[in-house]
Amino acid sequence: MQPLRKTGRRFVIINLALSGALFTGCVQFPTQYERIEPDRIRLLDFMYEPPEALPGDTVTLRAVFAGKPVNPEDISWRVSWKVVRNAMGIDTSFEEQPLVASVEPFEFSRSTSGITLRFAIPENCIAESPMVPDDWLSLLPDELRGGVPEPFASMSKEEILDRIDSLRTEIAALEDDQLEALGTLIPDLVANLPLAMQLLTVPVRLFADVKGEHRIQSDYTVSYTSAFARWPGANVFENTNPRIDSAGVYKVEGVGLARFDPEDENTEYIPFSINGDADTTRIPVDKGYSYFVKVFTGRRDTVYTLGDMMQGVTPSRTEEHTAEWLFRMEPDEMEDLSTNDLMNVGALGDFEGMLLPPRSKSIRHFTLWVQVTDSKIGIINRSQGSTVAEMQGLFEYTDAYLDQFKK
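In this report, the structure presented in the accompanying data block is examined. Note that this is a predicted model, so its numbers are computed, not measured.

Rules used throughout
- Residues numbered from 1 in each chain as written.
- Predicted model: local features only at pLDDT ≥ 70, side-chain atom pairs only at ≥ 80, totals over all residues.
- Heavy atoms only, no water.
- Core = buried A, V, L, I, M, F, W, Y, C linked by side-chain atoms within 4.5 Å.
- Buried < 20%, exposed > 50% of the residue type's maximum accessible area, 1.4 Å probe, protein only.
- Helix = DSSP H or I, 4+ residues; strand = E, 2+ residues; numbered from the N terminus.
- Expected span 1.5 Å × (residues − 1).
- Bend = angle between axes of the 7 residues up to and from the residue.
- Contact = heavy atoms within 4.5 Å.
- Arc of directions from axis to C-beta.
- 1 Å grid on protein atoms, 1.4 Å probe; cavity = no way out; pocket = protein on both sides within 12 Å on 5 of 7 lines; lining within 4 Å.
- Points joined across faces, edges and corners; volume = space filled by probe spheres on them.
- Nonpolar A, V, L, I, M, F, W, Y, C, P; charged D, E, K, R; others polar.

Looking at the nonpolar core
Core analysis: the biggest nonpolar cluster contains 64 residues, and F46, F65, F228 and W231 have the highest contact counts within it. Among the elements that make up this core, the one with the highest residue count is helix α5 (residues 187–199) (7 residues).

Side note on α5
Here α5 contains 13 residues, and its C-alpha end-to-end distance of 19 Å stays within 8% of the 18 Å for a straight helix at 1.5 Å per residue. In the structure, α5 departs most strongly from a straight axis at L193, where the bend amounts to approximately 50 degrees and where the proline P194 lies between one and four residues downstream. All of the buried residues in α5 are L189, V190, N192, L193, P194, L195, A196, M197, Q198 and L199. Residues of α5 that are buried sit in contact with α2 (142–145), α3 (157–172), α4 (176–185), α6 (225–228) and α7 (306–311).

Let's talk about α3
In an α-helix, one turn spans 3.6 residues; hence positions three or four apart end up facing the same way. With 16 residues, α3 extends 23 Å from end C-alpha to end C-alpha; this agrees with the ideal 22 Å at 1.5 Å per step. Taken together, the buried positions of α3 are occupied by K157, I160, L161, I164, L167, R168 and I171. Looking straight down α3, one finds that the buried residues subtend no more than 135 degrees of arc, so they occupy a single side. Of the exposed residues in α3, the ones pointing more than 90 degrees away from its buried face are E158 and T169. Contact partners of the buried residues in α3: α1 (125–128), α4, α5 and α6.

Quick word on empty space enclosed by the protein
All chains considered together, the criterion is met by 2 cavities of 30 Å³ or more. A volume near 230 Å³ is recorded for the largest cavity. Lining the largest cavity are 19 residues, with Q198, T225, F237, Y304 and I379 positioned closest to its centre. Looking at the lining of the largest cavity, the elements that each hand over two or more residues are α5 and β17 (302–303). Of the residues forming the lining of the largest cavity, the biggest block, 3 residues, is contributed by α5. Here the residues of the lining of the largest cavity are counted per class, giving 9 nonpolar, 8 polar and 2 charged. Here the second largest cavity defines a volume of roughly 90 Å³. Taken together, W136, V148, F152, I160, I164, L189, N192, L193, L195 and A196 make up the full set of residues lining the second largest cavity. Those elements that place two or more of their residues in the lining of the second largest cavity are α3 and α5. Ranked by residue count, the leading element in the lining of the second largest cavity is α5, at 5 residues. Looking at side-chain class alone, the lining of the second largest cavity contains 9 nonpolar, 1 polar and no charged residues.

Listed below in structure tokens is the structure:
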């Protein structure tokens, strides 16, 4: 059994049905997570839009898979609207049930399978969640709890939810200048909205049971945040999915390097075509060089942490982005090769990876994927946005490079 695998905080793959420790067929090599194999279904990403929903919202989930093709009928979907987490490490869900959703295939890229789901968040999702206790302020440290003014500090869970829910309906009908005027009438409420948004944020959990393969567990977040993000001066910030602007390969002079200077005059940058149906990027492989992949991202959302609130600072920080690299070689180009002959990609930091080209000229074509997720500590149950991109590559070797591996 393959151990639990978690990408960021978004999904976990469990109970893999493996046929053995080695790939079956002519090529023999140990299983490696970063390498996509053609006989197994592999999840690349669950991309939620929006990445955090209001109660009653309709959510679109685009699931992107690589490896063995997958169709909508290959997966059954279930959900738990009640997830429990605490500071002691307890994380569980209960009252699991079939997910009511519309399901259809979609085309993401030439080397993937895609499935789109659309499902509704229950109106009572936050009210019924065990993550919001009756004493809703008990989740806070003393430094923040004492700063919550009346009458909010004395409100019950039901009262504060009713207040927030009626207010979101009210502001949805207001123009921006009317919202600003309303804020001057209820300054205490506006000042405490960022804290209330975190306390009233709850996780839910989706399960995708892949027929004959494994179960995928994916966490999602429900919050009132998006309803108040447009309120001037409220310091409530919506989370959006990261954006992949570009990616490429750095060819760096020197062997066995673990770092590089992208501005060095001897460093060559080769941009990838992102999600291209026809464009294949040619990678010249020569003796005496090291190779690195890097992704460039955008759309970093502003965040307001509990620490910022305790210190009374103005929100000025943004979320972090992290990348994970996966790859696939063509099976018919790998026959009779040892593990040492194959390409590899190893993560180096938040955006970079070390690309180790193959040591055999028979391996020429490869597919590379990069998944980017966002995160920020110090925020209660913050949602996680994500996105993924595919790149096609072609290795072009010099004789000098190949000659060094001849026996």
